[in-house]
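# Remarks on the overall topology
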Amino acid sequence: MKIGAMGWMLFFSLPLWAQEEETGLHQTLRDKFVEGGNGFMSVIAAVLVIGLAFCIERIIYLSLSEINAKRLMADIEKKVEEGDVEGAKTLCRETRGPVASICYQGLLRIKEPMDSIERSIQSYGSVQLAKLEKGCSWITLCIAIAPSLGFLGTVIGMVMAFDQIEFAGDISPTIVAGGMKVALITTIFGIIVALILQLFYNYILSKIDHLTAQMEESAISLLDVLGKVKS
């Protein structure tokens, strides 16, 4: 929610800067939230919280999965060349992350033909990639839902504004402006939520791409090492 508040602050800082000392940012955000309608605004806020929860979980998981892959491969190569395959396996087991897991699977099949080792590494690499991307579909869903809910709130708000005009029997500028203001607030909030989650999602994708590149590079290095030992 802190991130969402920052988004609101950036959007409303210019028109409300003069009033900030009087009402305070917290009061302004609460007033805008209430003006947008507690129903739709609460749902959009819930989407923000859920999306951020998935983003934070993925960022923590991916950060813990990152290691110094080049140093790991150098240590594995040294142990394998010395004939200490069990030591290389132990090193992989004690190292976190998908790179070490892939190397361990390859070392388990060191006595098998190279084609079998390569297929095993590719298959297990696909499993590790699926683990890295776990939960990302929910983030994209939240990114798509947030502005859609905002637009839906705007449409419903416009319908309610026309109902007020019909009930009053007159097209009053006050009625029209008030109804449109309430309707558009939901769209603004929905777009801001989507933008916030999109930034986190792109950061997550960059970390996944980095780990995927490490996995591919390490798999090639491991195959080269095993090929030299078996030849």
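This text follows the structure it describes.
The following refers to the structure shown. (Residues numbered from 1 in each chain as written. Predicted model: local features only at pLDDT ≥ 70, side-chain atom pairs only at ≥ 80, totals over all residues. Heavy atoms only, no water.)

From N to C terminus, the chain includes 10 helices and zero strands. When its helices and strands are written in sequence order, the chain yields α-α-α-α-α-α-α-α-α-α. Considering the chain as a whole, with its 231 residues, one finds that 39% of them fall into the buried category. When the accessible surface of the chain is split by element, carbon and sulfur atoms take 63% of a total near 13200 Å². (Helix = DSSP H or I, 4+ residues; strand = E, 2+ residues; numbered from the N terminus. Buried < 20%, exposed > 50% of the residue type's maximum accessible area, 1.4 Å probe, protein only. Areas by Shrake-Rupley, 256 points an atom, 1.4 Å probe, with all protein chains shown as cover.)

Before going further, it helps to spend a moment on the packing of helix H5 (residues 69–81) against helix H6 (residues 85–93). Between H5 and H6, the least distance of the axes is 7 Å, while the angle of their chain directions is 160°. In terms of orientation, H5 and H6 fall into the roughly antiparallel class. In the crossing of H5 with H6, the sense of the turn from one axis to the other is right-handed. Touching Leu 72, Asp 75, Ile 76, Lys 79 and Val 80 of H5 are Val 85, Gly 87, Ala 88, Leu 91 and Cys 92, all from H6. (Axes fitted to C-alpha atoms, helices over the stretch in contact; angles between N-to-C directions. Parallel < 35°, antiparallel > 145°, perpendicular 65-115°, else oblique. Left-handed = near helix turned anticlockwise from the far one by under 90°. Contact = heavy atoms within 4.5 Å.)

Attention now goes to the packing of H5 against helix H7 (residues 98–108). Where H5 contacts H7, the axes come no closer than 11 Å and their chain directions differ by 20°. Relative to H7, the element H5 is oriented roughly parallel. Classified by chirality, the crossing of H7 by H5 is right-handed. From H5, Ala 69, Leu 72, Met 73, Ile 76 and Val 80 reach across to H7, where they touch Val 99, Ala 100, Cys 103 and Leu 107. Among the residues forming the contact of H5 with H7, the class breakdown is nine nonpolar, no polar and no charged. (Nonpolar A, V, L, I, M, F, W, Y, C, P; charged D, E, K, R; others polar.)

Another point: the side chain of Ser 218. Relative to the elements of secondary structure, Ser 218 occurs in helix H10 (residues 173–230). Assessed through its relative accessible area of 4%, Ser 218 is described here as buried.

Judged by side-chain polarity, Ile 56, Ile 60 and Leu 64 come together as a nonpolar surface patch covering roughly 290 Å² of accessible area. In this fold, Leu 64 is placed in helix H4 (residues 38–65). Look at Leu 64 and you get exposed, because its relative accessible area is 52%. (Patch = residues over 30% accessible without salt bridge, like charges linked within 9 Å, V, L, I, M, F, W, Y side chains within 5 Å. Salt bridge = Lys/Arg side-chain N within 4 Å of Asp/Glu carboxyl O.)

Our focus in this paragraph is the environment of Leu 129. Along the chain, the position of Leu 129 falls in helix H8 (residues 114–132). What makes Leu 129 partly exposed here is its relative accessible area of 27%. Taking the C-alpha atoms as reference points, Leu 129 and Met 215, 86 residues apart in sequence, are found 9.1 Å from one another.

What follows concerns the environment of Ile 204. Counting through the fold element by element, Ile 204 comes out in helix H10. Sequence separation of Ile 204 and Glu 133 is 71 residues, and the distance between their C-alpha atoms is 9.0 Å.

Counted residue by residue, H7 has nine buried out of 11 residues, so it is predominantly covered. Turning to H7, its buried residues are Pro 98, Val 99, Ala 100, Ile 102, Cys 103, Tyr 104, Gln 105, Gly 106 and Leu 107.

For the rest of this paragraph, the subject is the pattern of salt bridges. Applying the stated criterion across every chain yields a total of three salt bridges. One salt bridge in this structure joins Glu 66 and Lys 207, with 3.1 Å as the shortest N-O distance. Of this pair, Glu 66 sits in the loop between H4 and H5 while Lys 207 sits in helix H10, and the two are 141 residues apart along the sequence. A relative accessible area of 26% means that Glu 66 is categorised as partly exposed.

So, on to H6. Along H6, the residues classified as buried are Val 85, Gly 87, Ala 88, Lys 89, Leu 91 and Cys 92. Contacts made by the buried residues of H6 are with H5 and H7.

Any functional reading would require information that these geometric values do not contain.
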